[in-house]
Amino acid sequence: NQSGNYTLTVTDFEVGYTGAGGQTFTLPNATTNLNRVYIIKNRGGGALTVARSGTDEIWSTAGVTSISLLVGEGVVLVSDGAWQMVAMVSGIITP
């Protein structure tokens, strides 16, 4: 779990955010991390931004530079040379 700005590494797989909001997780280079999968969950108290590295693409679209995750949301991203969002989970599950 991370509570502040963070750049994902090759050893990360599932990374949770636990901060108060207003922070950014930066993805590593998509072309040098082909087939890498990340699960990112916002367990914090405010919005989390997931941003591309450099000029990388998200959803194969140069105009998409980041994704915003609200509290309780999560995303699964995989690299095929660009970061593709393969799943998005929305909402908070309470027992």
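Located above this text is the structure these notes cover.
What you see is a predicted model; the values in this text were computed from it and never measured.

Rules used in this analysis
- Residues numbered from 1 in each chain as written.
- Predicted model: local features only at pLDDT ≥ 70, side-chain atom pairs only at ≥ 80, totals over all residues.
- Heavy atoms only, no water.
- Helix = DSSP H or I, 4+ residues; strand = E, 2+ residues; numbered from the N terminus.
- Rg over C-alpha atoms; globule rule 2.2 N^0.38 Å.
- Buried < 20%, exposed > 50% of the residue type's maximum accessible area, 1.4 Å probe, protein only.
- Contact = heavy atoms within 4.5 Å.
- Areas by Shrake-Rupley, 256 points an atom, 1.4 Å probe, with all protein chains shown as cover.
- Lys, Arg positive; Asp, Glu negative; His and termini not counted.
- Charge placed at Lys NZ, Arg CZ, Asp CG, Glu CD.
- Pairing = 2+ DSSP bridges.
- Axes fitted to C-alpha atoms, helices over the stretch in contact; angles between N-to-C directions.
- Core = buried A, V, L, I, M, F, W, Y, C linked by side-chain atoms within 4.5 Å.

**What to know about the overall build of the protein chain**
Consideration 1: Looking only at helices and strands, the protein chain features zero helices and eight strands.
Consideration 2: Here the C-alpha atoms of the protein chain give a radius of gyration of 12 Å, agreeing with the 12 Å that 2.2 N^0.38 yields for 95 residues.
Consideration 3: On the principal axes, the C-alpha backbone points of the protein chain span a range of 40 × 25 × 20 Å.
Consideration 4: The buried share of the protein chain, reckoned over its 95 residues, is 35%.
Consideration 5: Within the protein chain, contacts between residues separated by at least 24 positions form 53% of all contacts whose residues are at least 6 apart in sequence.
Consideration 6: Carbon and sulfur atoms form 54% of the exposed surface of the protein chain, whose accessible area is close to 4,900 Å².
Consideration 7: Side chains of the protein chain carry 4 positive and 6 negative charges; the gap between the two charge centres is 6 Å.

**Looking at the sheet that holds strand β3 (residues 23-26)**
Consideration 1: With mixed pairing, four strands are arranged side by side in an open sheet as β1-β3-β5-β6. Strand pairing shows two members of the sheet lacking a second neighbour, β1 (6-7) and β6 (66-69), which therefore form its edges.
Consideration 2: For β1 and β3, the ladder comprises two bridges, and the chain directions are parallel. Within β3, the residue paired with Y6 across the bridge is F25.

**Details of the sheet that holds strand β4 (residues 37-42)**
Consideration 1: Reading across from one edge, β2-β4-β7-β8 is the order of the four strands in this open sheet, with mixed pairing throughout. Edge positions in the open sheet fall to β2 (14-17) and β8 (83-89), since each of these has one partner strand only. Across the sheet, the axes of successive neighbouring strands diverge by a mean angle of 20°, strand direction being ignored.
Consideration 2: Pairing between strand β7 (residues 74-79) and β8: six bridges, direction antiparallel. Across the sheet, residue V75 finds its bridge partner in β8, namely M88.

**Comments concerning the nonpolar core**
Consideration 1: One finds F25, I40, V50 and L77 to be the most contacted residues of the largest nonpolar core, which totals 18 residues.
Consideration 2: Every element with two or more residues in this core is listed here: β2, β4, β5 (48-51), β6 and β7.

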